[in-house]
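So the chains spell out like this:
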Amino acid sequence: MVRIRVLVVDDHRIFAESLAAALAAEPDVEVFAAGSGPAALRCLERAVAEGRRYDVLLVDADLGGRPAVGRPAVPVRAADEDGMVDGISLVAGVRTAHPGVRTVVLAEKDDPRRAALALGAGASGWVAKDCSLSRLLAVIRGVLRGETHLPPALLTGVLKELTAARKHRSESERLVESLTPREREVLRCMVAGLGRKAVAERLYLSPHTVRTHMQNVLGKLGVHSTLAAVALARRAGVGPVDLTGDVVERGGQLA
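Enquirer: Before we go on, may I ask you to explain the pattern of salt bridges in this structure?
Expert: Oppositely charged side chains can pair when the atoms bearing their charge come close. Within the structure shown, the criterion is met by 11 salt bridges. Each of Asp 10, Asp 60, Glu 108 and Lys 129 takes part in one network of salt bridges that share partners.

Enquirer: Quick question: what am I supposed to make of the nonpolar core here?
Expert: It is characteristic of soluble globular proteins that their nonpolar side chains tend to be buried jointly. Ranked by size, the top nonpolar core spans 25 residues in total, and within it Val 176, Leu 187, Met 190, Val 199, Leu 221 and Ala 229 carry the most contacts. Secondary structure elements with two or more residues in this core: helix H6 (152–177), helix H7 (181–191), helix H8 (196–203), helix H9 (207–221) and helix H10 (226–235). Excluding residues that lie within four positions of it along the chain, Met 190 makes contacts with Met 214, Val 217, Leu 218, Thr 226, Ala 229 and Val 230. By size, the runner-up hydrophobic cluster in this structure holds 19 residues, among which are Val 6, Val 56, Val 104 and Val 143.

Enquirer: Just to check I follow, could you spell out the sheet that holds strand E1 (residues 4–9) for this structure?
Expert: Backbone hydrogen bonds are what pair the strands of a sheet, in a parallel or an antiparallel way. Taken in spatial order, the five strands line up as E2-E1-E3-E4-E5 in an open sheet, and their pairing is parallel. One side of each edge strand has no neighbouring strand; the edge strands of this open sheet are strand E2 (29–34) and strand E5 (125–128). Each strand of the sheet is rotated relative to its neighbour by a mean of 25 degrees, with strand direction disregarded. Looking at chain direction, strand E4 (residues 102–107) and E5 are connected through four bridges and run parallel. Bridge assignment links Val 105 to a residue of E5, and that residue is Trp 126. Contacting E1, E2 and strand E3 (56–60), helix H2 (residues 37–49) runs over the sheet at an angle of about 160 degrees to E1.

Enquirer: I'm lost on the packing of H7 against H8 in this one. Help?
Expert: Running from N to C, H7 and H8 point in directions that differ by 130 degrees, and their axes come no closer than 10 Å. With respect to H8, the axis of H7 lies oblique. With respect to the hand of their crossing, H7 and H8 are arranged in right-handed fashion. Of H8, the residues touching H7 (which contributes Arg 182, Glu 185, Val 186 and Cys 189) are Val 199, Arg 202 and Leu 203. When its residues are assigned to classes, the contact of H7 with H8 shows four nonpolar, no polar and three charged.

Enquirer: Explain the packing of aromatic side chains here, please?
Expert: One pass over the full model with this rule turns up one aromatic pair. Here the aromatic rings of Phe 32 and Tyr 54 are separated by 5.8 Å at their centres, their planes lie at 85 degrees, and the arrangement is edge-to-face. Here Phe 32 is found in strand E2, whereas its partner Tyr 54 is found in the loop between H2 and E3, with 22 residues between them in sequence. Directly above the ring of Tyr 54 sits Arg 5, whose terminal nitrogen or CZ lies 4.6 Å from the centroid. Note that Lys 129 overlies the ring of Phe 15, its terminal NZ or CZ placed 4.5 Å from the centroid.

Conventions used here
- Residues numbered from 1 in each chain as written.
- Predicted model: local features only at pLDDT ≥ 70, side-chain atom pairs only at ≥ 80, totals over all residues.
- Heavy atoms only, no water.
- Salt bridge = Lys/Arg side-chain N within 4 Å of Asp/Glu carboxyl O.
- Core = buried A, V, L, I, M, F, W, Y, C linked by side-chain atoms within 4.5 Å.
- Buried < 20%, exposed > 50% of the residue type's maximum accessible area, 1.4 Å probe, protein only.
- Helix = DSSP H or I, 4+ residues; strand = E, 2+ residues; numbered from the N terminus.
- Contact = heavy atoms within 4.5 Å.
- Pairing = 2+ DSSP bridges.
- Axes fitted to C-alpha atoms, helices over the stretch in contact; angles between N-to-C directions.
- Parallel < 35°, antiparallel > 145°, perpendicular 65-115°, else oblique.
- Left-handed = near helix turned anticlockwise from the far one by under 90°.
- Nonpolar A, V, L, I, M, F, W, Y, C, P; charged D, E, K, R; others polar.
- Phe/Tyr/Trp six-rings, centres within 6.5 Å; stacked < 30°, edge-to-face > 60°.
- Lys NZ or Arg CZ within 6 Å of the ring centre and 35° of its normal.

Written out as structure tokens, the structure reads:
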């Protein structure tokens, strides 16, 4: 018999253990539990090293008690045991590090916006925590067949959220395209959390020149703060500059 390997990720121990015990009663299910995002990632990595990959993760939407806001932060592999990794960010991290694993988000209540975020992060389903065991098993088996599962009552709201997200993304992409190559590089540094002095050192520019570039970036993007610029950049798919690689070359076409 081919057994389905399931990992329950929930920081509420009683719920996690109860759910794991219920699933383990199924003859074709092998289930384990983890109490945090970092612990779940370690379980996944250990399973890969031992040749025993997981098939499905059941992830608490409120993992860590901190709901995701905006675009999920990835990767999450650097967090330690005490690090706060919310459920939707964990979904995104698993999609990046373990693309063959299906994830299903377990939620206390239906929330179209967060369900849309979860799907955008790579989840294959959104299920109420109080659903029946038979329903949950049907979802687990369904996502392994490539299906996406949502409660019918959420479908319209999630579609609206996804449509709005695509619209915001296209508008954000248009604004980012209005930046010069140098301004886009400065924006990527801002996304990476670099301050004016650090940007100046990286790009071999004076702090005054960096300040001017930053002001131009805010003006062209139509925002009034670095935080807002970073949020818009993320919607447009702009990632942070690689802080581990070589510094940007001096002068040339980027000047």
